[in-house]
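Chain by chain, the residues run as shown.
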Amino acid sequence: MRAVLAWKETFREQCVYDLAFKPDGSQLIIAAGLRVLVYDASDGALIQPLKGHKDIVYCVAYAKDGKRFASGSADKSIIIWTSKLEGILKYTHNDSIQCVAYNPVTHQLASCSSGDFGLWSPEQKSVNKHKVSSKITCCGWTNDGQYLALGMMNGVVSIRNKNGEEKVKIERPGGSSSPIWSIAWNPSKDEHNDILAVADWGQKLSFYQLSGKQVGKDRTLTYDPCCVSYFSKGEYIVMGGSDKQASLYTRDGVRLGTIGEQNAWVWTCRVRPDTNFVVLGCQDGTVACYQLIFSTVHGLYKDRYAYRDSMTDVIVQHLITEQKVRIKCRELVKKIAIYRNRLAIQLPEKILIYELFSDDSSDMKYHIKEKICRKFECNLLVVCSQHIILCQEKRLQCLSFTSVREKEWVMESLIRYIKVIGGPPGREGLLVGLKNGAILKIFVDNPFPITLLKLSTSVRCLDMSASRNKLAVVDEHNTLLVYDINSKELLFQEPNANSVAWNTQCEDMLCFSGNGYLNIKASNFPVHQQKMQGFMVGYNGSKIFCLHIYLMSAVEVPQSAPMYQYLERKMFKEAYQIACLGVTDSDWRDLATEALEGLDFDTAKKAFIRIRDLRYLELINSIEERKKRGENDNELFLADVYAYQGKFHEAAKLYKRTGHESRALSMYTDLRMFEYAKDFVGATDPKSSRILMTKQADWAKSSKEPRAAAEMYLSAGEHLKAIDIIGEHGWADMLIDIARKLDKAEREPLAKCALHFKRLKHHGYASETYSKMGDLKALVHLHVETRHWEEAFSLVEKHTQFKYDVFVPYAQWLAENDRFEEAQKAFHKAGRQNEAVKVLEQLTHNAVVENRFNDAGYYYWMLSMQCLDIARESEEQRDEMLKKFERFQHLAELYHVYRSIQRYTDEPFSSHMPETLFNICRFLLNNLTKNIPAGISKVNTLYALAKQSRKLGAYKLARYSYEKLQELHIPSRFHESIELGNLIIRSKPFHDSEDLIEGMMCYRCSTNNPLLNNQGSVCINCRQPFIYSASSYEVLPLVQFYLEEGITDEEALSLIDLEVPHIDQRDARWQDMDNGELQALRMDDGLDDAEEDPFTAKMSFEQGGSNFVPVKVNRSVLRSMSRRDVLIKRWPRPLKWEYFRSLLPDVSITMCPTCFKMFHSEDYELLVLQHNCCPYCRRPIDEPN
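Residues numbered from 1 in each chain as written. Predicted model: local features only at pLDDT ≥ 70, side-chain atom pairs only at ≥ 80, totals over all residues. Heavy atoms only, no water.

Spelled out, the test is: UniProt positions are given in the numbering used here, feature names are shortened, and annotations may be inferred rather than shown by experiment.
By the naming in an unreviewed UniProt entry, the protein goes by Intraflagellar transport protein 122 homolog and is assigned to Acanthochromis polyacanthus. A UniProt comment under Subcellular location (unreviewed entry) is attached to the protein, and it reads "Cytoplasm, Cytoskeleton, Cilium basal body".

Structural data, given as structure tokens:
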């Protein structure tokens, strides 16, 4: 370790009491006299003096974040300064300030005076002060900022928490006779405990843990310490004091050396952060900055490397296994030497000789063999098996381990390099290089040195090859010179070398480093270079040992470059030796291949064994067998080698040259290289050509290369065979190319292509092919199969003959996907009425089973209309279908009605008025006289009727309903309710409300009908059927009339449309509401007609007849009618139109133009607004009729 003065500054007649560095190391704050001085730490230039104190400044401290620093003075004040050198705050104590310290985490400032200490932080307004019993001389925070240590005049160290409460008290044995003068916490992050260094004027340095427990023993000093300071990472301590110098110590307190001698006491010393620069401040005003230079102390022997660590330890590293062992000497290590199982360490007062426990090459356990307790001054130290050799300038001394000086050699010039080159124990040889260029060989047991060479320049580095035949020297001009020792001849020289080493396992290889490159030289081949940091110190096999600053590493260098240099010269044996030192697998393969081509089968075999290549090993074995049998045609062997390597054309040429054409031919045909085979045979030999063609055809048939076979067939024009192969393997791209190239007349190959496309699900290609062929039917089937309905429909639009082929599968597909209504329409479109009916029947059945009576009614209505379509189209089915039409219309109405009852009984809320429900129940019961359709419950109907009758005052009907219910099987959920209702109804009078009975008046004969009628919905007197509103099920004031024989619908319509003169006066009061879609009647005011209406006359009939007599009208009656009073159900053929005459024209009635159901106009408008369609047939309101 050397200390070099970097810069120095002196302030006259001012003592420098304290120093502090800015945390980034750029500035130095100095307390000198009354001023605070700010210096540039790198060159000692003054940046700015700061004035503010009125008395001597004793202490300065910088905050860890670098934003502010503080100074404390004998004027009892503390000033806080910013990093921009501006004073921002001042506060005072009652005594002079002795020391200040910033918390490294919270940046809280501790300021200590003779009688108390204060804690200030920027966010606090006031300073918290705490009294102490003795004068504080020094203070310091722990690394985590939790505790503050105070050193006092009475020999006590007090450790306080952040609030100033004392936690630990350390009392030094000397008490007040050994005041604590300086303390410092170790900043190292590796330590498990916080370690406090305490220096007192009892001339002791001691270490404590945070708990107050002492670490190790007191270290006795020879002076009064004034300051103690750690390096940034805590590895060393700097201390100064009354001995007028600063000294370097290990972190355990072992003195390592002097940093700088001064003329006065050293009051303060600080280490510049993260560097090796130390600044001292002295009593006489001197500030000096020193750079510490730590030299590398180390030794290397083969794969063991020993080096100094932390100045007092030695680490031995095994460069191959990467194992390390640390030897703690607890004193400054000055020199290290290592040789075989010996290790010598020179300390200030002695030399220790260590030995390995065993001879095992990987053993790393050392124990002390000998101690030589003498102080030696030497430049170089070497150890042998039984001796140590000390080198002091020109003199070499050989000492035994018992410190007996056995021999001494004095050289003619300074010794520059010394190295043990091995030998028997006690008789080892040394290589010595001198400054005057002489190179000597000295044997430990021989007093006479042997001169090997004499160079003209100084020697820097030496090494001798493994067989002691060659010597490599690096001179002071960085030139590498290699000599033959025996002939003294210069073999070669290379520039830019700073160190050299021979390979310990290979005589002809050496490596040298220089200019950031590593150079490897084999024999006299050109140098191979690669980048490397540091310099090279050893070469063992394929490992090169490289030292970079303090770090030694083993670099694995593949020996590829020298191996290839030997291969170029066809020196296979030497290349193999180099490869054995360590090359990559691909290098082994190259060596094997080159040796095989060079017909060195022995080397090739060894190399192929290394990479475990059985194929080539079989080839070599077969060649060796053939050689044994007497074959010796090297060209033929080489042809086989080329064939194995895939160099077929070279192999063929060699086969031809050696007269083995048949081999070349069989090689080509085996490889399916028919073109080359044809070229090889040429036009000369028709027989060989024929054999070749047969082979090619056979191969194409059984080929495992179908693509090639297909291409061959195509070139031969065998399209069908090619298509079969391509289709089988699913190469759609090749197939479409063929299909596009084929003429559309070639239908068979095109059809095959299309089939393959269908199988491969390439529908686009298939449709392209069918379109090319013009096969529309196949195209339609393709679209249907692939469910591309849009394309299918667009085809059907152009070619209607395929309607059946598209719509039937479409309907089936819709049905499979639960889209039954669409399916039914599709069947209908396709003209498959039976299927359409079947789907609808199934839908209806499902709707009934699932209690979706609304849907059931709708489906029955659709069914009836379908039956009507069939009846219109088919003569033979007409009667049957018309019967079905009637039945389905009837069922549709029943289910439509029952939906309201089911909702009333099964759901908690009803959307119907009691009158509507009352009417619905009566309508349903009147129509349930014979058989009851599936899903409709008579119990629910009677139950609903009983409840509504009771509400509306039809007590007689209610009692009748309850009595009827007693005859039926009642679900348990109704039991209680029915029994209760039955009891309640018996308390009511046994008659019905008059209003209700009047509501059941027949508009033909004015008879009041009973509320329930077992004959159905007809008048009990005239048998005229009642016409109901399809929403409220009230009886509408309509009477159906029929035309006399011979009057057609068209004629009747024209007669009704004729306006008769005597009705003209009414025009003002009638409103015509026929808008083409809906027919509606409304009259503003009834007129007392004096004249007899011809229609009223026709309504009369014979009383008491049991048969129904319909109202028939002739032309004159039709002529007398107004168009506004007549509603016509215009049924499609084969049904006849139905005519209705309104008897109360002021009642507005609307009829749906699709299902012909009658409604009160107001009800209809409301329902249409709710559902946006007719509530019965679901016809959208905006759909044209």
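1. Topic: helix α3 (residues 585–597)
Rules: Only runs of H or I of at least four residues qualify as helices and only runs of E of at least two qualify as strands under DSSP, and these elements are numbered from the N terminus. The span you would expect from a helix comes to 1.5 Å times its residue count less one. Exposure categories follow from relative accessible area, calculated using a 1.4 Å probe and restricted to protein chains: below 20% of the type maximum is buried, above 50% is exposed, and the middle band is partly exposed. The contact rule is simple, with two residues in contact once any of their heavy atoms fall within 4.5 Å.
With 13 residues, α3 should cover 18 Å at 1.5 Å per step; its first-to-last C-alpha distance of 18 Å lies within 8% of that length. Within the span of α3, buried status applies to Asp587, Trp588, Leu591, Ala592, Ala595 and Leu596. Next to the buried residues of α3 lie α1 (560–568), α2 (572–581), α4 (601–611), α5 (614–628) and α6 (634–645). Leucine 599 occupies a position one or two residues after α3 and carries a positive phi of about 60 degrees.

2. Observations concerning the nonpolar core
Inclusion rule: Each nonpolar core is a collection of buried residues, namely Ala, Val, Leu, Ile, Met, Phe, Trp, Tyr and Cys, held together in the definition by side-chain atoms within 4.5 Å.
Grouped together as the largest cluster of nonpolar side chains are 82 residues, with contacts concentrated most on Trp861, Tyr895, Leu924, Leu965, Leu1038 and Met1158. Take this core: its biggest share by element is 13 residues, from helix α21 (residues 853–873). If we ignore the near neighbours within four places in the chain, the residues touching leucine 924 are Leu894, Val897, Tyr898, Ile901, Ile936 and Thr941. By size, the runner-up hydrophobic cluster in this structure holds 50 residues, among which are Tyr339, Leu343, Phe376 and Leu430.

3. Overview of the pattern of salt bridges
Rules: Take a side-chain nitrogen of Lys or Arg and a carboxyl oxygen of Asp or Glu: if they are within 4 Å of each other, that pair is a salt bridge.
With the rule as written, the count across this model stands at 25 salt bridges. A salt bridge links arginine 251 to glutamate 191; the shortest N-O distance between them is 3.8 Å. You can see arginine 251 sitting in the loop between β24 (245–250) and β25 (255–261) and its partner glutamate 191 sitting in the loop between β18 (180–185) and β19 (195–200), a full 60 residues away along the chain. Given a relative accessible area of 36%, arginine 251 falls into the partly exposed group. For glutamate 191, a relative accessible area of 31% corresponds to the partly exposed category. Among the ionic pairs, arginine 1115 bridges to glutamate 1051, the shortest N-O distance being 2.5 Å.

4. Focus: the packing of aromatic side chains
Convention followed: Aromatic contacts are taken between Phe, Tyr and Trp rings whose centres are within 6.5 Å, Trp giving its six-membered ring; a plane angle under 30 degrees counts as stacked, one over 60 as edge-to-face, and the others as tilted. Both a distance and an angle decide whether a charge sits over a ring: NZ of Lys or CZ of Arg must be within 6 Å of the ring centre and within 35 degrees of the ring normal.
Evaluated as defined, the whole model comprises 29 aromatic pairs. Between phenylalanine 11 and tyrosine 39, the ring centres sit 6.0 Å apart and the planes meet at 65 degrees, which makes this aromatic pair edge-to-face. Residue phenylalanine 11 is found in the loop between β1 (2–10) and β2 (16–21), and its partner tyrosine 39 is found in strand β4 (residues 35–40); the two are separated by 28 residues along the sequence. By the burial criterion, phenylalanine 11 is buried, and tyrosine 39 matches it. Arranged with centres 5.7 Å apart and planes meeting at 65 degrees, the rings of tyrosine 576 and tryptophan 588 form a pair that is edge-to-face. Here the residue tyrosine 576 occupies a position in helix α2, and tryptophan 588 occupies one in helix α3, the gap between them amounting to twelve residues. Judged by relative accessible area, which is 17%, tyrosine 576 ranks as buried. With a relative accessible area of 4%, tryptophan 588 lands in the buried category. Arginine 272 extends its terminal NZ or CZ atom over the ring of phenylalanine 277, reaching a point 5.8 Å from the ring centre. For the cation-ring pair, lysine 521 lies above phenylalanine 492, with the distance from its terminal atom to the ring centre recorded as 4.5 Å.

5. Observations concerning the sheet that holds strand β16 (residues 156–161)
Operational definition: The pairing criterion for strands is at least two bridges between them, as found by DSSP. To obtain each axis, a line is fitted to C-alpha atoms, and for helices this fit is confined to the stretch in contact; angles are then taken between N-to-C directions over 0 to 180 degrees.
Pairing within the open sheet is antiparallel, and its four strands lie in the order β14-β15-β16-β17. With partners counted over all chains shown, the strands left at the sheet margins are β14 (136–141) and β17 (166–171), one partner each. On average, each strand axis in the sheet is inclined to that of its neighbour by 20 degrees, with strand direction left out of account. With five bridges joining them, β16 and β17 adopt antiparallel strand pairing. Counted as the bridge partner of valine 157 is isoleucine 170 from β17.

6. Considerations on the sheet that holds strand β11 (residues 109–113)
If you walk across this open sheet you meet the four strands as β10-β11-β12-β13, and the pairing is antiparallel. The outermost strands of the open sheet, each flanked by one partner alone, are β10 (97–102) and β13 (128–131). Each strand axis lies, on average, 15 degrees off the axis of its neighbour in the sheet, ignoring direction. The pairing of β10 with β11 spans five bridges and is classified as antiparallel.

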